[in-house]
Amino acid sequence: AGFEGGAAASRPADEGGPDGLELRALGPPSLHKGDPRDIEVLKLTGRDFVATASSTGAVSLFEIGRDDATGGWVFRDEAVRSWREAHSAAASAVAYNADAGLLASCGEDAAVHVWAITDDPPHWSGVEPGACGYQCLAFPSASTVVTGGSSGEAQVKVWDLRAAGALPELMLREPNAGVDVLSMALHPLRPRVLATGCSDGSISVWDTAMPGRLLTSVTGHSAPVWSLSFHGSEPRFLFSGGEDGQMLCWDFNPTHASGQVVYGAGPEEGDSEKVAVHTLWQHDGGVNSLDYNADSSLLLSAADNGCLLA
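Residues numbered from 1 in each chain as written. Predicted model: local features only at pLDDT ≥ 70, side-chain atom pairs only at ≥ 80, totals over all residues. Heavy atoms only, no water.

**Focus: the overall build of the protein**
Looking only at helices and strands, one finds zero helices and 25 strands in the protein. The proportion of buried residues among the 310 residues of the protein is 55%. As displayed, the protein offers around 12800 Å² of accessible surface, 47% of which is attributable to carbon and sulfur atoms. (Helix = DSSP H or I, 4+ residues; strand = E, 2+ residues; numbered from the N terminus. Buried < 20%, exposed > 50% of the residue type's maximum accessible area, 1.4 Å probe, protein only. Areas by Shrake-Rupley, 256 points an atom, 1.4 Å probe, with all protein chains shown as cover.)

Put into structure tokens, the structure is as follows:
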């Protein structure tokens with residue numbers, strides 16, 4: 001079961017994923033106002049939570065835990081924290097930085113906010129005048145937030161939280177002209193490595209320490225890629241969710257070769273030894289968001305049909 005819907009609206013894919021990965025429906029249902037546009041799994045004081053960005057503009061925090069009877073993940077009633085008017089338009093994305101203990105959000109109102117979990121007003125805010133709004137963000141350090149959005153001078157932008165209301169710094173342009181960046185994920189062990197998902201179904205991996213250095217670009221979705229998440233302890237795996245309803249798992253080291261993972265050419269270039277892709281699940285609606293939490297070994301997805309899957 002899930003937000004204003006049920007797991008019956010989705011089905012497992014015919015193809016299995018990597019060994020040891022098990023998916024099951026999340027329940028019981030939990031009330032969520034509006035469509036969940038993004039989710040982030042996080043730990044606070046040893047307990048598990050899910051932060052959500054809503055189409056209503058709200059940013060909320062729900063507690064989840066194991067059911068004593070079934071051992072499955074369940075929601076603990078209503079939201080424990082909700083900023084109902086966080087954004088004046090749809091909230092697009094949320095990201096948590098554990099070192100800072102702060103939650104960041106961005107929205108279609110072209111605003112970026114950073115929240116202290118226990119406070120009502122934003123800890124920090126930035127707005128880019130005239131921007132079309134942001135679709136995704138990452139929170140790599142206590143002083144930096146990265147956003148992605150519509151094409152223009154650059155689709156990926158960096159915000160310095162040490163400057164109150166500062167304008168973003170332009171950073172990266174996608175290789176395919178005219179695409180929008182809709183999702184992004186940071187490598188858990190090498191935060192300089194950034195993955196971006198685009199409106200044309202492509203996924204790019206960048207080395208942000210050398211701006212403009214594209215490590216690889218792969219395509220497995222037939223529609224926009226709304227969400228990305230690296231596996232926390234095995235970052236050779238990258239999970240992706242798209243408007244086509246697919247949950248995919250990209251393996252950038254399918255031969256299990258020793259040494260550091262090199263993000264090389266994709267299968268469209270005929271190099272199957274460098275990357276493989278597994279279909280984990282086929283939702284009946286577009287996958288708005290997915291997130292993997294290494295501490296809990298939990299992969300969570302939220303779809304257009306209101307379904308949450310863990």
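**Quick look at the pattern of salt bridges**
Side chains that carry opposite charge are capable of pairing whenever their charged atoms lie near each other. Counted under the stated rule, the structure contains seven salt bridges. Its salt-bridge partner being R37, residue E108 comes within 3.0 Å of it at the nearest N-O pair. Of the two residues, E108 is situated in the loop between β8 (102–107) and β9 (111–116) and R37 in strand β2 (residues 36–44); the sequence distance between them amounts to 71 residues. Residue classification places E108 among the partly exposed positions, given a relative accessible area of 35%. One salt bridge in this structure joins R192 and D207, with 2.7 Å as the shortest N-O distance. Of the two residues, R192 is situated in the loop between β15 (181–186) and β16 (193–198) and D207 in strand β17 (residues 202–207); the sequence distance between them amounts to 15 residues. Among the residues examined, R192 registers a relative accessible area of 40% and is labelled partly exposed. (Salt bridge = Lys/Arg side-chain N within 4 Å of Asp/Glu carboxyl O.)

**As for the environment of K274**
Mapping K274 onto the fold places it in the loop between β21 (246–251) and β22 (276–283). Judged by its relative accessible area of 40%, K274 is partly exposed. Sequence separation of K274 and N253 is 21 residues, and the distance between their C-alpha atoms is 5.9 Å.

**Quick notes on the confidence of the model for the protein**
Where the model shows low pLDDT, its predicted coordinates should not be examined in detail. For the protein, the average pLDDT comes to 79, and 78% of its residues sit at 70 or higher. Within the model, pLDDT remains below 50 along residues 265–272, and this stretch shows 15 contacts once partners closer than five positions in the same chain are excluded. (pLDDT = per-residue confidence, 0-100. Contact = heavy atoms within 4.5 Å.)

**Quick notes on the sheet that holds strand β10 (residues 124–127)**
Here four strands make up an open sheet; going across it, the order is β7-β8-β9-β10 and the pairing antiparallel. Of all strands in the sheet, those bounded by a partner on one side alone are β7 (91–97) and β10. Neighbour to neighbour, the strand axes of the sheet diverge by 15° on average, direction disregarded. In the sheet, β9 pairs with β10 via four bridges, with the strands oriented antiparallel. The partner of H113 across the bridge, within β10, is S125. (Pairing = 2+ DSSP bridges. Axes fitted to C-alpha atoms, helices over the stretch in contact; angles between N-to-C directions.)

**Overview of the pairing of β15**
Burial within β15 is extensive, with five of its six residues counted as buried. Linkage of β15 to β16, two consecutive antiparallel strands, is achieved through a turn of six residues.

**With respect to the sheet that holds strand β18 (residues 213–219)**
Sheet strands line up and pair through hydrogen bonds in the backbone, either parallel or antiparallel. Reading across from one edge, β15-β16-β17-β18 is the order of the four strands in this open sheet, with antiparallel pairing throughout. At either end of the open sheet lies a strand with only one pairing partner, and these are β15 and β18. The mean angle between the axes of side-by-side strands here comes to 20°, regardless of whether they run parallel or antiparallel. Looking at chain direction, β15 and β16 are connected through five bridges and run antiparallel. Paired with M184 across the strands is T196, a residue of β16.

**Notes on the nonpolar core**
Within the largest apolar cluster, 16 residues are counted, with the highest numbers of intra-cluster contacts made by V112, V114, L137, F139 and V145. Counting residues per element, the ones that place at least two in this core are β7, β8, β9 and β11 (134–141). Residue contacts for V112: discarding those within four places in its chain leaves S105, C106, W124, S125, G126, Y134, V145, T147 and W159. Core analysis: the next-biggest nonpolar cluster, separate from the first, contains 15 residues, L61, A86, A91 and Y96 among them. (Core = buried A, V, L, I, M, F, W, Y, C linked by side-chain atoms within 4.5 Å.)

**Focus on the pairing of β7**
Within β7, seven of the seven residues are buried, leaving the element largely enclosed by the surrounding structure. Relative to β8, β7 runs antiparallel, the two sharing six bridges. Within the sheet, the bridge partner assigned to A95 lies in β8 and is A104. Hairpin connection of β7 to β8: four residues between the antiparallel strands, including G101 at a positive phi of 70°.

**Remarks on the environment of H187**
Looking at the element boundaries, H187 is found in the loop between β15 and β16. For the pair H187 and H231, spaced 44 residues apart in sequence, the C-alpha to C-alpha distance is 8.5 Å.

**Considerations on the side chain of H87**
Checked against the element boundaries, H87 lands in the loop between β6 (81–83) and β7. By relative accessible area, H87 is classed as buried at 4%. Within the local environment of H87, its side chain forms a polar contact with the side chain of S105, the two groups lying 2.9 Å apart. Apart from the residues within four sequence positions on either side, H87 is in contact with T56, G57, V59, S105, C106, G107, D109, A111 and H113. (Polar contact = N/O pair within 3.5 Å; in protein donor to acceptor, adjacent residues only side chain to side chain.)

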